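Residue strings, one per chain:
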Amino acid sequence: MTSWFRRRDHNIFTNATSLLVCGLLAGVVVAAAAFPAAAMTGLAAKAGGQTFAGLPSELKEFSSPQITRVYASDGKTQIAVFYDEFRSDVPLKDISKNMQAAILAAEDRKFYEHNGVDLKGVARAFVSNNQGGTQQGASTLTMQYVRMSLAYSATNPQEVIDATEDSPKRKITEMKYALQISKQLSKDQILERYLNIAPFGNQTYGIFAASHVYFNKKPKDLTVAESAMLAGMVKAPSSFNPTTPSGHELITDRRNVYIIPAMVEMGAVTAEEAEKAKKEPVPTKVKQVGRGCAWVAKNNWGFFCDFFYRWWLEQESFGATSYDRERRLKSGGYRVVTTLDLKGQAGARREISERQSDNSQNALLLAGIEPSTGKVRLLATNRKFKLDDPDHPQNKISSDPAKAKLKIRGSAPNTTNPLMSGGGDIAGYQAGSVFKIFPIIAALENNYPLSYPILAEKQYVSGYVVGPGPATCNGHFYCPKNAGGGGGKVYNMWSAFANSINTYFIPLQERVGAAKVIAVAKRFGVQFRQPKEAEMTTEKGGANQFGAFSLGVTASTPLDMANAYATLAGDGKYCSPTPIEQISTQDGQKIDVGKPFCNQATTKDVARAALDAARCPVGDSAQLGSCGGATAPDTRGIVGHPVFGKSGTTDAEKTASLIVGTTKIVVAGYMANPDWPDHRDQMKHGVINPTVQYTVKEYMEGKEKQQFKKPGSTKIVFGEQRSIPNVECDSVGSATNRLEDLGFHVTRGAEVDSDCPKGTVAGTDPSGRTIKGGAVVLQISNGKPTTPTPGTSGGPGTPGGPGRPN
């Protein structure tokens, strides 16, 4: 306890406050000799006159900073805690009687006898301090509570100074407040509030924190010795810190010589109990209580925790600035139940660890999100969530030569960068053909049906003007080819997506308009974090001339793309990614912040039709058409549920990706080098594919198999069908004119065996019927007779061919 009247105040009588104190204490000294303590309050007030009566007596309402606890989706498993002051209020009934007695023995033995101010103690301290005796304090436990309350309720730095400075004015103010509080609160209420606000050193505030940090137990379980030690620290937490040699000696002496004997005098413990308590050793170490995402219970939860933390700082509901929002998080005492699925997260991390070392410069990046809700269920990678120790670094020099010259280290094995969700320095990674879903959606929105046929050339000469490069032809045109040499025949959306035909999707993008395709990607939540790409995807920046967009050449994150595909499974409803199931205030009130923001990004029929095409690449069967191939054909068999999705690869295999979705979860996985996009390694689907596939499999174990919904209209599937006239044995010119007059796009195909004269038309692909305005390929006779088999073309207009249901 600190002295409130020091000998150094030689000019004490020169100000009004000092005169007030002297007048007050003069009355106190006389009264203390002649009247019981119960009468001291009235005498003191009279001694102070109107000045004392005019002091404020109502404390401002305040809440002391409380720990915010963050839990997984089960509502039980704690992920992390956030706090400025490690504190959590507990009711008096949950605080050991030993602790209650110990704090009174240390700070206010007459607590239950006075009315908030011990006037005899005030008089005694005044006389001793001004006669050169031992410096004494006279602050009761109630007055100490007032001081701490004023500091916590302060709204500016000056109020903090006024509440804590060692001055007569502060002491008088505390006395006035203490007298009033004693009328408003019971003794037990004051004691409870005091124990929940008092500082105990080592960044602990309140008895809950102190009992956990020093003894790793609940306040109700504190022993006599433990309680006495903690009570002894309140006077000067730094000086009595048991973890320092000098502090350990001081607190041991204070506990054994001052506090425990006082507890005996008070009748709180027996002499035998006291002697036993004195023999208990005082701890020299404390339990390190971490805070924030660097101290998650399991390290692989750190990236999800960081996603939550960044999300919180963006919520205006928690304050006008990021600083205000962070203060709310670290002092608000919230209970936050997040969307993290522990089983899904553990499965993802296990699948990653089986295939890629944490020390590899190449990262496996997985993000999982629930359709229709935006709830993020998992974020996992082969990295440890921690800052690399600059004094003892584990991370190797960056694989990027430019960074390596500057001795900048890479992100393996330690990083706190948001590798899966983006933000900060992480703009994302090229994902390749997974972007082909966007031209499909845009085409469907603009009345191009799933069965829309295009003759996909081996190399397509587009109308997009580009600079010199490997995909440039005819001087300055964008001319993509197909990986693996595919193409050279008619495809529709099912078969083109199944086989990832670049030369189908670029002409489809041209016909729909690149700007519309980009608009779909934005509506589905793809963010363009690189400034140059953000500019290119605007009308001003030339969005309609962004020829390669549909091939996934812009940076994206696994979380972006998982949510884009989840929008399809959600019947076209886009929900912004959220880490929140429920946030509750300290008093248990549920608040709405964190509920996902959702909007209809496209119609239900468009979403259902696009999803049907997306079943093809992952080995499932389309419900409305035929796939004719797959790029990740084993996915359906591994997962064991109806699935949809897409694989992707960028030029030179610098990135490999796979997205797999069910009605319950969509997981996007990328394999990339986060430190150097232009690296020399080849990312293999033999690594990323099984990682994603088995992650989804484990997540879906025990869950009901659910089929995807079909669109309500068949028009979005087949469009307006038109009959293709029989042009067999017609000249190429005649057949072309006849078909073009009917609105078909006519191209000349390869030679085939036919009974028709050489050079004439042997048939068409497709034959019979096709979409209005669709592509028709003329098959040219080579003059070699054959017996044709009906329906061999297998085109979109034939039974069993792509574009017609079996």
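Rules of the game
- Residues numbered from 1 in each chain as written.
- Predicted model: local features only at pLDDT ≥ 70, side-chain atom pairs only at ≥ 80, totals over all residues.
- Heavy atoms only, no water.
- Helix = DSSP H or I, 4+ residues; strand = E, 2+ residues; numbered from the N terminus.
- Buried < 20%, exposed > 50% of the residue type's maximum accessible area, 1.4 Å probe, protein only.
- Contact = heavy atoms within 4.5 Å.
- Polar contact = N/O pair within 3.5 Å; in protein donor to acceptor, adjacent residues only side chain to side chain.
- Expected span 1.5 Å × (residues − 1).
- Bend = angle between axes of the 7 residues up to and from the residue.
- Axes fitted to C-alpha atoms, helices over the stretch in contact; angles between N-to-C directions.
- Parallel < 35°, antiparallel > 145°, perpendicular 65-115°, else oblique.
- Nonpolar A, V, L, I, M, F, W, Y, C, P; charged D, E, K, R; others polar.
- Disulfide = S-S within 2.5 Å.

1. Some words on unusual backbone geometry
And step 1. Here the amide bond leading from A412 into P413 is cis, since omega sits at 5°, within 30 degrees of zero.
And step 2. Relative to the helices and strands, P413 resides in the loop between α16 (401-405) and β9 (414-415).
And step 3. For the peptide bond that leads from D765 to P766, omega is 5°, which places it in the cis range.
And step 4. Take P766: it is sitting in the loop between β25 (761-765) and β26 (769-771).
And step 5. Phi is positive for N216, close to 55°, though the residue is something other than glycine.
And step 6. Within the fold, N216 resides in the loop between α9 (207-215) and α10 (224-233).
And step 7. The backbone phi angle of C729 is positive, close to 70°, even though this residue is not glycine.
And step 8. With respect to the helices and strands, C729 occurs in the loop between β23 (721-723) and α27 (732-741).
And step 9. Owing to a relative accessible area of 39%, C729 belongs among the partly exposed residues under this scheme.

2. Some words on the environment of T578
And step 1. Structurally, the position occupied by T578 is in the loop between β16 (573-575) and β17 (580-584).
And step 2. You can call T578 buried: its relative accessible area is 2%.
And step 3. Residues T578 and T373, 205 residues apart in the sequence, show an inter-C-alpha distance of 8.4 Å.
And step 4. Setting aside residues no more than four positions away along its own chain, T578 makes contact with F307, W311, T339, T373, G374, K375, V376, G594 and P596.
And step 5. Of the polar contacts made by the side chain of T578, one reaches the backbone oxygen of G594; its length is 2.9 Å.

3. A short note on helix α11 (residues 245-266)
And step 1. For α11, built from 22 residues, the straight-helix expectation of 32 Å at 1.5 Å per residue is met to within 8% by its first-to-last C-alpha distance of 31 Å.
And step 2. Taking the largest bend as the criterion, α11 deviates by roughly 35°, centred on R255.
And step 3. All of the buried residues along α11 are G247, I251, R254, R255, N256, I259, I260, A262 and M263.

4. Focus: the packing of helix α3 (residues 97-107) against helix α8 (residues 187-197)
When two helices pack together, their arrangement is given by the angle between the helix axes and by the axis-to-axis distance.
And step 1. With their axes 11 Å apart at the nearest point, α3 and α8 run at an angle of 85° to one another. In terms of orientation, α3 lies roughly perpendicular with respect to α8. Residue-level inspection shows M99, Q100, I103, L104 and E107 of α3 in contact with α8, the latter providing L191, Y194 and L195.
And step 2. In terms of residue class, the contact of α3 with α8 is made up of six nonpolar, one polar and one charged.

5. A closer look at the state of the cysteines
And step 1. Applying the stated criterion across every chain yields a total of five disulfides.
And step 2. One disulfide bridge connects C473 with C479, the sulfur atoms lying 1.7 Å from each other. Here the disulfide of C473 and C479 is left-handed, its torsion about the S-S bond being about -60°. Taken individually, C473 and C479 each receive the classification buried, so the pair is uniform in this respect.
And step 3. At a sulfur-sulfur separation of 2.1 Å, the disulfide partner of C616 is C627. Sign of the S-S torsion, about -70° for the bond between C616 and C627, identifies this disulfide as left-handed. Of this pair, C616 sits in the loop between α23 (604-614) and α24 (635-639) while C627 sits in the loop between α23 and α24, and the two are eleven residues apart along the sequence.
And step 4. You can call C616 buried: its relative accessible area is 0%.

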